[in-house]
Amino acid sequence: MESEKQIDIESLCLKMKEFLAFENIKTNVSMSEYTSFRAGGKAAAMAVVETIPELRRLLNLLTQEKVPHIILGSGSNILVKDGGYNGIVIKLGRSFHTVQAEENVITAFAGAKISAAAKEAMEHGLSGMEFASGIPGSIGGGVFMNAGAYDGEMKDIILSVRAITSDGTREYSLSGEDLMLGYRSSVFQKNGDIIICAEFQLEKKDKEMISARMKDLMERRNRKQPVNLPSAGSFFKRPEGYFAGKLIQDSGLKGLSVGGAQVSPLHAGFIVNNGNATATDILKLMRLIQNTVFEKFGVRLEPEVRILGD
Ligand SMILES: Cc1cc2nc3c(=O)[nH]c(=O)nc-3n(C[C@H](O)[C@H](O)[C@H](O)COP(=O)(O)OP(=O)(O)OC[C@H]3O[C@@H](n4cnc5c(N)ncnc54)[C@H](O)[C@@H]3O)c2cc1C
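Values in this document were obtained by computation on a predicted structure and should not be read as measured data.

Trainee: Honestly, the overall build of the protein chain in this entry has me stumped. Any pointers?
Mentor: If you tally the helices and strands in the protein chain, you get nine helices and 19 strands. What you see for the protein chain is a C-alpha radius of gyration of 20 Å, in line with the 19 Å of a compact globule of 310 residues. Its C-alpha atoms give the protein chain principal-axis dimensions of roughly 55 × 50 × 30 Å. For the protein chain, with 310 residues in total, the buried portion stands at 50%. Here the analysis covers contacts within the protein chain between residues at least 6 apart in sequence; of these, 66% occur between residues at least 24 apart. Accessible area for the protein chain stands at about 14800 Å²; split by element, carbon and sulfur atoms hold 49% of it. Seen as two clouds, the 37 positive and the 37 negative side-chain charges of the protein chain have centres 4 Å apart.

Trainee: How should I be thinking about the UniProt feature "domain: FAD-binding PCMH-type" (unreviewed entry) in the protein chain in this particular structure?
Mentor: Residues given the UniProt feature "domain: FAD-binding PCMH-type" (unreviewed entry) here are residues 39-205. Helix makes up 23% of residues 39-205 and strand 36%, whereas the separation of the span's terminal C-alpha atoms amounts to 41 Å.

Trainee: Would you mind going over unusual backbone geometry with me for this structure?
Mentor: Keep in mind that most residues, glycine aside, have a negative phi and that most peptide bonds are trans. In the Ramachandran plot, Arg 38 falls in the positive-phi region, its phi being about 55° despite a non-glycine side chain. Along the polypeptide, Arg 38 turns up in the loop between strand 1 (25-30) and strand 2 (42-49). A relative accessible area of 47% places Arg 38 in the partly exposed class. For Tyr 150, which is not glycine, the phi dihedral falls at a positive 45°. The class for Tyr 150 is partly exposed, based on a relative accessible area of 26%.

Trainee: Looking at this structure, I do not really get the site of the ligand. What am I missing?
Mentor: Surrounding the ligand, one finds 34 residues, the nearest of these being Ile 71, Ser 76, Pro 136, Ser 138 and Gly 148. A distance of 3.3 Å separates an oxygen atom of the ligand from a polar backbone atom of Gly 141. Calculation on the ligand without its partners gives an accessible area of 970 Å², and the protein chains cover 94% of this total. Those elements that place two or more of their residues in the shell around the ligand are strand 3 (69-72), helix 4 (139-145), strand 9 (148-149), strand 13 (194-201) and strand 15 (231-234).

Trainee: Can you walk me through helix 7 (residues 207-224) in this structure?
Mentor: Think of an α-helix as turning once every 3.6 residues; residues three or four places apart then point the same way. A rise of 1.5 Å per residue sets the reference length of helix 7, with its 18 residues, at 26 Å; its end C-alpha atoms lie 26 Å apart and thus fit the reference within 8%. Among all positions in helix 7, only Ile 210, Met 214, Leu 217 and Arg 221 are buried. Along helix 7, the residues classed as buried sweep out an arc of 65° about the axis, all on the same side. Facing away from the buried surface of helix 7 by more than 90 degrees, the exposed residues are Glu 208, Met 209, Lys 215 and Arg 223.

Trainee: Any chance you could explain the packing of aromatic side chains here in plain terms?
Mentor: Two measures describe an aromatic ring pair: the distance that separates the ring centres and the angle between the ring planes. Counted by the stated rule, this structure contains three aromatic pairs. With a centroid separation of 6.5 Å and 65° between ring planes, the pair formed by Phe 96 and Phe 109 is classed as edge-to-face. Within this pair, whereas Phe 96 is found in the loop between strand 5 (85-92) and strand 6 (99-102), its partner Phe 109 is found in strand 7 (residues 105-109), the two being separated by 13 residues in sequence. Using a relative accessible area of 2% as the deciding quantity, one classes Phe 96 as buried.

Trainee: Could you clarify how one ought to interpret the sheet that holds strand 13 in this entry?
Mentor: Within a sheet, neighbouring strands are paired by backbone hydrogen bonds and run either parallel or antiparallel to one another. Across the sheet, five strands lie side by side as 6-7-13-11-12; this open sheet has antiparallel pairing. Of all strands in the sheet, those with a lone pairing partner are strand 6 and strand 12 (171-175), marking the two edges. In this sheet, neighbouring strand axes are inclined to one another by 15° on average, regardless of whether the strands run parallel or antiparallel. As defined by bridge partners, strand 11 (residues 158-164) adjoins strand 13 across six bridges and the pair is classed as antiparallel. What sits directly across from Ile 164, in strand 13, is Ile 194. Relative to the sheet, helix 3 (residues 114-123) contacts strand 6 and strand 7, its axis offset from that of strand 7 by approximately 155°.

Trainee: What's the story with the UniProt feature "active site" (unreviewed entry) in the protein chain in this structure? I'm lost.
Mentor: UniProt annotation of "active site" (unreviewed entry) refers to Arg 184, Ser 234 and Glu 304 when read in the numbering used here. A maximum C-alpha distance of 11.6 Å places the annotated residues, which cover 121 residues in sequence, within one compact spot. Note on placement: Ser 234 falls in strand 15. Ser 234 sits in the partly exposed class, given a relative accessible area of 29%. Setting aside anything within four residues of it in sequence, one finds Ser 234 in contact with Gly 269, Phe 270, Glu 304 and Val 305. Residue position: Glu 304 is located in the loop between helix 9 (279-297) and strand 19 (306-308).

Trainee: Would you explain the sheet that holds strand 3 in this entry?
Mentor: Sheet architecture is open: four strands sit in the order 1-2-5-3, paired in mixed fashion. Pairing within the sheet leaves two strands with one partner each, and these edge strands are strand 1 and strand 3. Strand-to-strand twist of the sheet, defined as the mean angle between neighbouring strand axes without regard to direction, takes the value 35°. With four bridges joining them, strand 3 and strand 5 adopt parallel strand pairing. Its bridge partner being in strand 5, Ile 71 is matched across the sheet by Ile 90. Running over the sheet, helix 1 (residues 9-16) touches strand 1, strand 2 and strand 5 and is turned about 140° from strand 1. Packed on one face of the sheet, helix 2 (residues 52-64) meets strand 2, strand 3 and strand 5 and runs near 165° to strand 5.

The rules behind each value
- Position labels on residues start from 1 in each chain and follow its written sequence.
- Residues qualify for local features only when their pLDDT is at least 70, as the model is predicted, and side-chain atom pairs are given and counted only at 80 or more; totals for whole chains, interfaces and linings, by contrast, use all residues.
- As a convention, hydrogens and water are excluded, and side-chain values are obtained from all of the structure's heavy atoms.
- Numbering goes from the N terminus for both helices and strands, where a helix is a DSSP run of H or I of at least four residues and a strand is a run of E of at least two.
- Within these notes, the globule rule equals 2.2 Å times the number of residues to the 0.38 power, and the radius of gyration is based on C-alpha atoms.
- For each residue, the accessible area found with a 1.4 Å probe, counting protein chains only, is set against the maximum for its type, and the residue is called buried under 20%, exposed over 50%, and partly exposed in between.
- Residues are treated as being in contact if the distance between any of their heavy atoms lies within 4.5 Å.
- Areas reported here follow the Shrake-Rupley algorithm with a probe of radius 1.4 Å; residue values treat only the protein chains shown as occluding.
- Charged residues are defined narrowly, with Lys and Arg counted positive, Asp and Glu counted negative, and His plus the chain ends left uncounted.
- By convention, the point assigned to a charge is CZ for Arg, NZ for Lys, CD for Glu and CG for Asp.
- UniProt positions are given in the numbering used here, feature names are shortened, and annotations may be inferred rather than shown by experiment.
- Whether a residue is near a molecule or strand depends on its heavy atoms: it is near if one of them lies within 4 Å of it.
- Here a polar contact is taken to be a pair of N or O atoms separated by no more than 3.5 Å, where protein atoms must pair a possible hydrogen donor with a possible acceptor and residues adjacent in sequence count only if both atoms sit in side chains.
- Take the number of residues in a helix, subtract one, and multiply by 1.5 Å to get its expected span.
- Working note: the arc is built from the helix axis to C-beta atom directions.
- Centres within 6.5 Å make a pair out of two Phe, Tyr or Trp rings, where for Trp the six-membered ring is used; the pair is then stacked when the planes are under 30 degrees apart, edge-to-face when over 60, and tilted otherwise.
- Strands pair, by our definition, only if DSSP identifies at least two bridges between them.
- What counts as an axis is a line fitted to C-alpha atoms, over the stretch in contact for a helix, and the angles between N-to-C directions run from 0 to 180 degrees.

Take a look at the structure:
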């Protein structure tokens, strides 16, 4: 939900304090501290919700007051523009981090790390989540993005998702086709609703084998990706019939910098922050890459990273 209107943050905070803990509301929050890019502007406020009733009330209030809001997972696929986000960033508190295994199903709340869910699955001898074990981010972000790697994607294992409408009025469950899971997309990108938890259907297999596969994939990731520098992973979606990284490399852009942002010399699909990049640097480099690749190959690269703010 976006709006041009300046929000009255003081009066909004007073209203939020009626049902949220004082320490769970922060104003003027630097989003560089909450995103893996370690860059970007400030959000007008951040509110951490600890329970579903709190989430529901907050969504009711923000809808009533017509205040733009976004839910933040682990911030590993978001870039907030330097002008900031004139709205409320909602974060899910600790009670949304639970992961449970029962028979062949893992139930994970949206705030849990994908890696924690994959580890829990492995410990219960449940296979199917290995592909995701090294994807940074939360279950909510992973479902929203239909995150994938090494020939696997969330779509392969999601049994059902519980969500709440963006105005907080209704909780519901969805499964299968209704989730509209496609390449890095889901129904939640269209309806703006909030994922509360997800169930994953897995298969009983040997624990040692699962663990070995996870280790192997993590080693591949560490070898091929610039994991020691801030980034948001692959910056662009894979255009049909191509690989974004290869197009960028073949355009001669590997290693190119704009300010503190650089096309990773290790993996051209990644834009990395070399320490002092602004969101503007990152976005300028993004446009330069898009224009060059389009001129050379006639392919339009679309960002996979969610770009937010002014
Ligand atoms: C080093 C690195 C490697 C990566 N490798 C991969 C990879 O192999 N494969 C891959 O797919 N991605 C990869 N990514 C990108 C990222 O990790 C995934 O997109 C991840 O799923 C994002 O999860 P998040 O919790 O960080 O989401 P965020 O970045 O916090 O949010 C992303 C979007 O999801 C929405 N969202 C988050 N939580 C919820 C919720 N509960 N309900 C509704 N919407 C929600 C947000 O509003 C936002 O629009 C990588 C990133 C990095 C930094």
